[in-house]
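Here is what each chain is made of, one letter per residue.
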Amino acid sequence: MTVEKPPLINPYDNLPSFDLAEPKAYSPSEREELLRRYYPDYRPDRKTTLHVGANAGDVLPDEIASILESRSILSKNVLPAVPSTPDIEVDLLVIGGGGAGIMASIFAMEAGARVLLATKLRVGDSNTVMAEGGIQVALGEDDSPVQHFKDAYRGGHFTGDPELLSVLVREGPDVISWLIRKGVLFDRDPSGNLSLRKGGGTTRPRLISAKDYTGLEIVRVLKEDLLNSGVTIWEFSPAVELLQGPEGSCAGAILKDVDNGSLKWVKANAVLLATGGTGRLHIGDFATSNHFGATGDGLVMAYRMGAKLLNMESFQYHPTGVIYPSEMAGMLITEAVRGAGARMFNRHGKRFVQELETRDVVASAIIRECEEGRGVRTPSGHHGVYLDLTAIDREMGEGTVERRFPNIVKLMGKHQVDCTKQPILVYPTLHYQNGGIASDTSGRTHVKGLYVAGEASGGVHGKNRLMGNSLLEVFVYGRRVGEEAAREALERKPFSWHEVNLGHVEGFQKNLEKEFPGTSRPEAPILFPDYRKHSHPDHA
Ligand SMILES: Cc1cc2nc3c(=O)[nH]c(=O)nc-3n(C[C@H](O)[C@H](O)[C@H](O)COP(=O)(O)OP(=O)(O)OC[C@H]3O[C@@H](n4cnc5c(N)ncnc54)[C@H](O)[C@@H]3O)c2cc1C
């Protein structure tokens, strides 16, 4: 079979001249129409109705439905027998070594619990460490948690959980002070005050950052604190199944040693899921900004146990993921560049959306330009629009891009794109799971003894998250849920290892057989994406 290669087009040949005229603001009904027509969440194709589990009846992206309605990876037919003793016994098992998991472990340990932190790769290998743009927190003189609440609630199209959101904005300032006391170096202005910047969809400058490597700076400090905290850490040990205790409660988990494939059985009074998001499922074949381990494992394990999920039809496609060169497909260009004055242009050199609209609106406008033939075609046949950072240096002084966004300049430079002089070609990238496991303000799920924090949880942001609110959630709820789970773990009535079982997995698999007789089901959690069978060549 011969495959016709798309013609090689260098998007930097024949650059149009850029017309800086500002596009008009959309009316509320124009925004709604744009989202309805172009935002991937609203498209009816590639969706599946769930038949099994607490969310039966929900219509979700195929990739999410497939991992939820799946069989255990432990065995096709017979699940392993519970051994006579566990490999380790702790008060709290924290699953996931990103921002939420690290924060929760530190605070649970301080609350007096014996804590095991088990993570898939190394501690810190996560979306948190990749966060670029910053954290929103109401610290400005003309700002307040109430104003922050209003912006975030409106930005989420009034679909967020007001109680969860209210905790986020109220506890934000205190948790940021804690991070600063621990040694996190956020950017400051010449007078030594924290630099506050504006993100999309906000009415006040409220974003604090550490250049364009905010997550890395925070994890640098937190990791040191964790290593000195006394928490037991098991790396390269992904959780593959939760364990059930008395009355359907959660009683621990099974971990898999990545090196030799052996299983480790953990007995725990409480389990906290901090497993992050699902970008590596490449929903709708989108490229992703997410780290390699973002495969939705926490959702799968919790769902089998009876936990309810919320808003799992809703994802954030960040407007500005790199689309060329294709080796970089999906890499994020932080929204902070647009906050600083970067502009977007279609292939005719026209601006087509106000750059600081909410992310879903900007992403939809880019998709519209590309689908209506005003995008730029790349050598691999994809389309994108120009994101031009040179306006930042023009408006704020030569060298600003390099000073404020050194990481982006360096990474693009490695691929021969000098973004201080040339535009970057971008297209929306699958970035964030808006929904997740439902919980209350202490991270309690519908399953006794099972807690959730961070991106794996749903509800705070509703169906659209504003920039910087996820990191805030990770640290506010990491601390809060870590403390609460530790307290409840210490108070839990003792139970014996003989009461521990995998009955929930067996029951779930029986229900699958009833609903899908004679058909084989996929296996999950998938742990690592398998690019050998992926349909999209750029995603590898
Ligand atoms: C490129 C990028 C830039 C971003 N920039 C910003 C920003 O500027 N501001 C902002 O607010 N938000 C930003 N975000 C979003 C934010 O960083 C994340 O939502 C947040 O950090 C998630 O934290 P988390 O601890 O919940 O998950 P993660 O940080 O992803 O951590 C999850 C951890 O769980 C582990 N894990 C997964 N499955 C298992 C398993 N089965 N067993 C054991 N461990 C497991 C993972 O390996 C990982 O260590 C960005 C995200 C990305 C990808």
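Keep in mind that what you see is a predicted model, and the values were worked out from it rather than measured. (Residues numbered from 1 in each chain as written. Predicted model: local features only at pLDDT ≥ 70, side-chain atom pairs only at ≥ 80, totals over all residues. Heavy atoms only, no water.)

Participant: Where do I start with the pattern of salt bridges in this structure?
Facilitator: As a working rule, side chains carrying opposite charge can pair if their charged atoms are close by. Scanning the model with the defined rule gives 35 salt bridges in all. Arg 36 serves as the salt-bridge partner of Glu 33, at 2.9 Å between the closest nitrogen and oxygen. Of this pair, Glu 33 and Arg 36 both sit in helix 1 (residues 28-38), 3 residues apart, which is roughly one turn of that helix. When its relative accessible area of 35% is taken as the criterion, Glu 33 is described as partly exposed. When the shortest N-O distance is used, the salt bridge between Asp 418 and Lys 421 registers 3.7 Å. Residue classification places Asp 418 among the partly exposed positions, given a relative accessible area of 31%. You can call Lys 421 exposed: its relative accessible area is 63%. What emerges from the salt-bridge pattern is a single network uniting Asp 440, Arg 444, Glu 484, Arg 487, Glu 488 and Glu 491. (Salt bridge = Lys/Arg side-chain N within 4 Å of Asp/Glu carboxyl O. Helix = DSSP H or I, 4+ residues; strand = E, 2+ residues; numbered from the N terminus. Buried < 20%, exposed > 50% of the residue type's maximum accessible area, 1.4 Å probe, protein only.)

Participant: Honestly, the UniProt feature "active site" (unreviewed entry) in the protein in this entry has me stumped. Any pointers?
Facilitator: In this numbering, the UniProt entry assigns the feature "active site" (unreviewed entry) to Arg 359. Residue Arg 359 is classed as buried on the basis of its relative accessible area, which comes to 6%. Apart from the residues lying within four places of it in its own chain, the contact partners of Arg 359 are Gln 316, Tyr 317, His 318, Pro 319, Glu 335, His 431, Asn 464, Arg 465 and Met 467. In this structure the side chain of Arg 359 is engaged in a polar contact, spanning 2.8 Å, whose partner is the side chain of Gln 316. (UniProt positions renumbered as here; feature names shortened; annotations may be inferred. Contact = heavy atoms within 4.5 Å. Polar contact = N/O pair within 3.5 Å; in protein donor to acceptor, adjacent residues only side chain to side chain.)

Participant: Could you clarify how one ought to interpret empty space enclosed by the protein in this entry?
Facilitator: Unoccupied space between atoms shows up once a probe the size of one water molecule is rolled over them. According to the stated counting rule, one finds 2 cavities of 30 Å³ or more in the structure shown. The wall of the largest cavity is formed by 13 residues, among which Ser 439, Ser 457, Val 460, Glu 473 and Tyr 477 lie closest to the centre. For the lining of the largest cavity, the class distribution of residues is 6 nonpolar, 5 polar and 2 charged. Surrounding the second largest cavity, Arg 197, Lys 198, Leu 207, Ala 336, Gly 339, Ala 340 and Arg 404 form its lining. For the lining of the second largest cavity, the class distribution of residues is 3 nonpolar, 1 polar and 3 charged. Both domain 1 (28-38 + 316-430) and domain 2 (88-314 + 434-502) contribute no fewer than three residues apiece to the lining of the second largest cavity. (1 Å grid on protein atoms, 1.4 Å probe; cavity = no way out; pocket = protein on both sides within 12 Å on 5 of 7 lines; lining within 4 Å. Points joined across faces, edges and corners; volume = space filled by probe spheres on them. Nonpolar A, V, L, I, M, F, W, Y, C, P; charged D, E, K, R; others polar. Domains from an automatic or database assignment.)

Participant: What is the right way to look at the site of the ligand in this model?
Facilitator: Close to the ligand lie 39 residues; Asp 125, Thr 128, Glu 455, Ser 470 and Leu 471 are nearest. At a separation of 3.0 Å, an oxygen atom of the ligand approaches a polar backbone atom of Asn 127. One nitrogen or oxygen atom from the main chain of Ala 239 is found 2.9 Å from a nitrogen atom belonging to the ligand. Considering every element that reaches the shell around the ligand, the biggest residue donor is helix 13 (residues 469-491), with 4 residues. (Near = heavy atom within 4 Å.)

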